[in-house]
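This is what each chain is made of:
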Amino acid sequence: MNDPARDPLSDIAHLLPPEMQAQRRAEQQRQRQQNNSRSGAVGAGAVLVALFLKFKTVLLFLLNFKWIALGAKFLLSFGTLVLSIWAWSQLFGLWFATGFVLLILVHEMGHVIAIRAYGLKASVPIFVPFLGAFIAMKEMPPNNKAAAIIALAGPALGTVGALACYAIGKSSGAPIWYALASTGFFINLFNLIPIYPLDGGRVAKALFSREAPMARPLTLAIGAQAVGLAAFLFVMWHVAGTAAHYTS
């Protein structure tokens, strides 16, 4: 059976002059290279299409504007954190500056956790070198009780962070942990001063607000917690400071 794709000159190619045979072989070689190039391009295109179809959902997920915005917020928070560490390290060295800024982060995360617990929205922690950090609430607390608890949550979790440093200092005997603990206790104690916009001022504003005032037992309970936390921080500030002095 005759092959329709067969070269009609293939049977008599040996009868052609040498020049025409060489020309014919060159033409056949060029044709094969073109065919191979087309096949490679088609194959690569097929692979790319298959990969796109396979990972289309992932690509659409990553390109979603919501996640781009979240990434930008994370970079803003992380960038200001690193900048703050660098700024403080010029005064106190890298290791102490890192621990100090992370203790501030723990304090701010206390506010974030409380805010989210009430179903409210807030910004990521933004650090300001030599000043501290802040979180901007995008929604107001539903009542004065929520406002007081959100304000107290920062110093409360910050105290836990300082206690962790103190415990590590007790275990290791390294003075830097006592120094970090003492600083952490002081930061959270300072924030409980009843002056707005410090956390203590926000608590006082919520407790003594004339607009939708809290029930007296609740006011006394939250006030007692704030005063008790402040007293504990004052004691631990001195205890950790004394330990740092005698181990240095």
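What comes next concerns the included structure. Given the structure is predicted, the values throughout are model-derived calculations rather than measurements.

In terms of regular secondary structure, the chain is built from seven helices and two strands. Mapped in sequence order, the helices and strands of the chain form the string α-α-α-β-β-α-α-α-α. Taken across its 248 residues, the chain has 32% of its residues classed as buried. Intrachain contacts of the chain at a sequence separation of at least 6 include 59% that bridge at least 24 residues. For the chain, the exposed surface amounts to about 16,100 Å²; the carbon and sulfur share of it is 70%.

Before going further, it helps to examine the packing of helix H4 (residues 144-172) against helix H6 (residues 199-207). Two numbers describe how H4 lies on H6: the axes approach to 8 Å, and their chain directions differ by 160°. As summarised for this structure, H4 and H6 are arranged roughly antiparallel, according to the angle between their axes. In this structure, H4 crosses over H6, and the sense of that crossing is left-handed. Contacts between H4 and H6 involve Asn144, Ala147, Ala148, Ala151, Leu152 and Pro155 from the first element and Asp199, Arg202, Val203 and Ala206 from the second. Of the residues belonging to the contact of H4 with H6, the class tally is seven nonpolar, one polar and two charged.

Let's shift gears to unusual backbone geometry. Trans peptide bonds make up the majority, and among non-glycine residues the majority have a negative phi. Going from tyrosine 196 to proline 197, the amide bond is cis rather than trans, its omega being 15°. For proline 197, the location among the structural elements is in the loop between helix H5 (175-191) and H6. Residue phenylalanine 130 is not a glycine yet carries a positive backbone phi of 70°. Within the secondary structure, phenylalanine 130 is located in the loop between strand S1 (126-128) and strand S2 (132-134).

So, on to the nonpolar core. Counting residues in hydrophobic clusters, the biggest one holds 35 residues, and the most contacted among them are Phe100, Val101, Leu152 and Phe185. At the level of elements, helix H2 (65-92), helix H3 (94-117), H4, H5, H6 and helix H7 (216-247) are the ones that each hand at least two residues to this core. With eight residues, H7 is the largest single contributor of residues to this core. The residues touching phenylalanine 185, leaving out its near neighbours within four places in the chain, are Thr159, Ala162, Leu163, Leu233, Met236, Trp237 and Ala240. Listed in part, the eight residues of the second largest apolar core include Val112, Ala114, Ile115 and Ile135.

Cut-off values and rules
- Residues numbered from 1 in each chain as written.
- Predicted model: local features only at pLDDT ≥ 70, side-chain atom pairs only at ≥ 80, totals over all residues.
- Heavy atoms only, no water.
- Helix = DSSP H or I, 4+ residues; strand = E, 2+ residues; numbered from the N terminus.
- Buried < 20%, exposed > 50% of the residue type's maximum accessible area, 1.4 Å probe, protein only.
- Contact = heavy atoms within 4.5 Å.
- Areas by Shrake-Rupley, 256 points an atom, 1.4 Å probe, with all protein chains shown as cover.
- Axes fitted to C-alpha atoms, helices over the stretch in contact; angles between N-to-C directions.
- Parallel < 35°, antiparallel > 145°, perpendicular 65-115°, else oblique.
- Left-handed = near helix turned anticlockwise from the far one by under 90°.
- Nonpolar A, V, L, I, M, F, W, Y, C, P; charged D, E, K, R; others polar.
- Core = buried A, V, L, I, M, F, W, Y, C linked by side-chain atoms within 4.5 Å.

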